[in-house]
Amino acid sequence: MHIALAYFSATGNTARMARVIQKAFLGLGAVVDMHDITACADRSKPFDPSAFQAFVFGAPIHSCRAPRIVREWLATLNGKGKPCAMFFTYGGFGVHPAHYSTREILTRQNFKVVSSAEFLGAHTFNLGGWKAMNGRPDTSDDAVARAYVEATYQRFLGEDPAILGALDPSAYTPEVLDQFEGFRFSVLTKLPTRGGLPCSLCMACEDLCPSGAMHAASGEAERDKCIACLRCLSVCPEQVLTINDMTPMWEMKLALEQTTPAALDAKQSKLYL
C-alpha cells in the first residue's frame, strides 16, 4: 500500500512523531511518502491525492485546533473516498476539539477518517520559559504511535472495516475558537526579533516560516502574519532571535488550567479508534 504522510511541524515534535509513524508503517510493508507542509513553499507544491491509496495527516494543536493554515490546506484536497488517519502533538493543554474539527474538514473533502492519535510534546512556549512536557515525546509516546499504526494499517487494508468513532465536539462556537487563536499573543507579547544583532543572513527564519511573517533582513516578524509557532527561533542556527520572557505566564497558565507540573507529566499519549 502506498501512503502519503503529510505533516506540519514548527518546533520538531510533529516531525519526530511522523518519522516514528513512517518507520512503523514501513515495518508492516507499506510504502510511505513524507510531505512536510510546514513552510509556505512546501504547501504550494503540487499534492495529488490520486497518487496514493491512503493518507496520514499530522499537526500540532494550536488553541484547541490544528493551525489555521493547516486547516486551509486540508480544505484544498479531494480525498475521493480514500481512507485517512490523523495525529496531533500538544504541550499538555487544550486537546479538544482538534480531533473533531479536523475530521469534519477531512470528511467534507471526501476522505474516510479511520483513526486518530495525540502525542505529548514539549510546548512551543518552552522556548520562552515555560516548562510543559520537557523531554516529550519519548519512548512511551513512540509505543503509542506504533500501536496507532498497527490499528490504522488494518483499517487501511480493509482487514478491520471500522472507521473512527465518536469524538468530543466543542462547547464553543467557531467564532469563539477563532478568538482563542488570538490569545496566543497575550503570552507572546514580543514577536520574534533579532533586536539589531548581526547574523549571517542564512535566510532559514524567512524561508521556513509557515506564514511568511519573518523577514531575515530586518530580523522582525509581521504581527498580521505571525501565528506564534516560533519556528523561526527553532531553526535559527545562530540563536539570535528572541521573544519576551514568558515565565510569569507559566504559573498563571497552571492556575488557569487548575493543574500542576506533576499532573502534566503524568499525561500519556492516546489513540482514537
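Computed from a predicted model, the values in this text were never measured in an experiment.

Colleague: Describe in detail the pairing of strand S4 (residues 83-90), supporting the description with residues and values.
Modeller: By the criterion of burial, S4 is predominantly enclosed, with eight of the eight residues buried. Side-chain alternation along S4 places Pro83, Ala85, Phe87 and Thr89 on one buried face and Cys84, Met86, Phe88 and Tyr90 on a second face that is also buried. Pairing of strand S3 (residues 54-60) with S4, which is carried by six bridges, proceeds in the parallel orientation. Bridge pairing in S4 links Phe57 to Met86. Once the chain exits S3 it traverses helix H3 (residues 68-74) before rejoining the sheet at S4, and the crossover so formed is right-handed. Pairing of S4 with strand S5 (residues 112-120) involves six bridges; the strand directions are parallel.

Colleague: Any chance you could break down the sheet that holds S4 for me, citing the residues and the numbers?
Modeller: Read from one edge of the open sheet, six strands run S2-S1-S3-S4-S5-S8, paired in mixed fashion. Both outer strands of the open sheet, strand S2 (31-36) and strand S8 (270-272), are each paired with one neighbouring strand and no more. Taken pair by pair, the neighbouring strands of this sheet meet at an average axis angle of 15°, ignoring direction. Sheet strands touched by helix H4 (residues 98-108): S3, S4, S5 and S8. Its angle to S4, the strand with the most contacts, is close to 150°.

Colleague: Residue-level account of the environment of Trp73, with values.
Modeller: Tracing the sequence through the fold places Trp73 in helix H3. Counting along the chain gives 36 residues from Trp73 to Ile37, while the straight-line C-alpha distance between them is 8.8 Å. Contact partners of Trp73, with chain neighbours within four places excluded, come to Ala6, Ile37, Arg43, Phe47 and Phe57.

Colleague: Explain the nonpolar core residue by residue, including any values.
Modeller: Within the largest apolar cluster, 59 residues are counted, with the highest numbers of intra-cluster contacts made by Phe55, Phe57, Trp73, Leu74, Leu106 and Leu188. Dropping the residues within four chain positions of it, Leu74 is found in contact with Phe57, Thr102, Ile105, Leu106 and Gln109. Core analysis: the second largest hydrophobic core is formed by 25 residues, Leu5, Val20, Phe25 and Val149 among them.

Colleague: For helix H5 (residues 139-157), give the residues involved together with the corresponding values.
Modeller: Spanning 19 residues, H5 covers 27 Å between terminal C-alpha atoms, matching the ideal 27 Å at 1.5 Å per step. What H5 keeps buried is the set Asp141, Asp142, Val144, Ala145, Tyr148, Val149, Ala151, Thr152, Tyr153, Arg155 and Phe156. Along its buried surface, H5 packs onto strand S1 (2-7), helix H1 (13-27), S3, S4, S5 and S8.

Colleague: Break down the packing of H1 against H5 for me, with residues and values.
Modeller: For the pair H1 and H5, the least separation of the axes is 9 Å and the interaxial angle reads 50°. Overall, the two elements H1 and H5 adopt an arrangement that is oblique. At the point where H1 passes H5, the crossing takes the right-handed sense. Here Arg16, Met17, Val20, Ile21, Ala24 and Phe25 of H1 come into contact with H5, specifically with Asp141, Asp142, Ala145, Arg146, Tyr148, Val149, Thr152, Tyr153 and Phe156. Considered class by class, the residues forming the contact of H1 with H5 number ten nonpolar, one polar and four charged.

Colleague: Account for unusual backbone geometry, naming residues and giving values.
Modeller: The residue after His96, namely Pro97, is reached through a cis peptide bond having omega 15°. By the element assignment, Pro97 lies in the loop between S4 and H4. Here the bond from Arg136 into Pro137 is cis, since omega is 0°, no more than 30 degrees from zero. Checked against the element boundaries, Pro137 lands in the loop between S5 and H5. One non-glycine residue with positive phi stands out, namely Lys80, at about 50°. Mapped onto the elements of the fold, Lys80 is located in the loop between H3 and S4. Positive phi, normally seen in glycine, also occurs at Gln239, with a value near 50°.

Cut-offs used in this document
- Residues numbered from 1 in each chain as written.
- Predicted model: local features only at pLDDT ≥ 70, side-chain atom pairs only at ≥ 80, totals over all residues.
- Heavy atoms only, no water.
- Buried < 20%, exposed > 50% of the residue type's maximum accessible area, 1.4 Å probe, protein only.
- Helix = DSSP H or I, 4+ residues; strand = E, 2+ residues; numbered from the N terminus.
- Pairing = 2+ DSSP bridges.
- Right-handed = clockwise from strand over helix to strand, strands pointing away.
- Axes fitted to C-alpha atoms, helices over the stretch in contact; angles between N-to-C directions.
- Contact = heavy atoms within 4.5 Å.
- Core = buried A, V, L, I, M, F, W, Y, C linked by side-chain atoms within 4.5 Å.
- Expected span 1.5 Å × (residues − 1).
- Parallel < 35°, antiparallel > 145°, perpendicular 65-115°, else oblique.
- Left-handed = near helix turned anticlockwise from the far one by under 90°.
- Nonpolar A, V, L, I, M, F, W, Y, C, P; charged D, E, K, R; others polar.

Bear in mind that shape data such as this cannot, by itself, settle questions of function.
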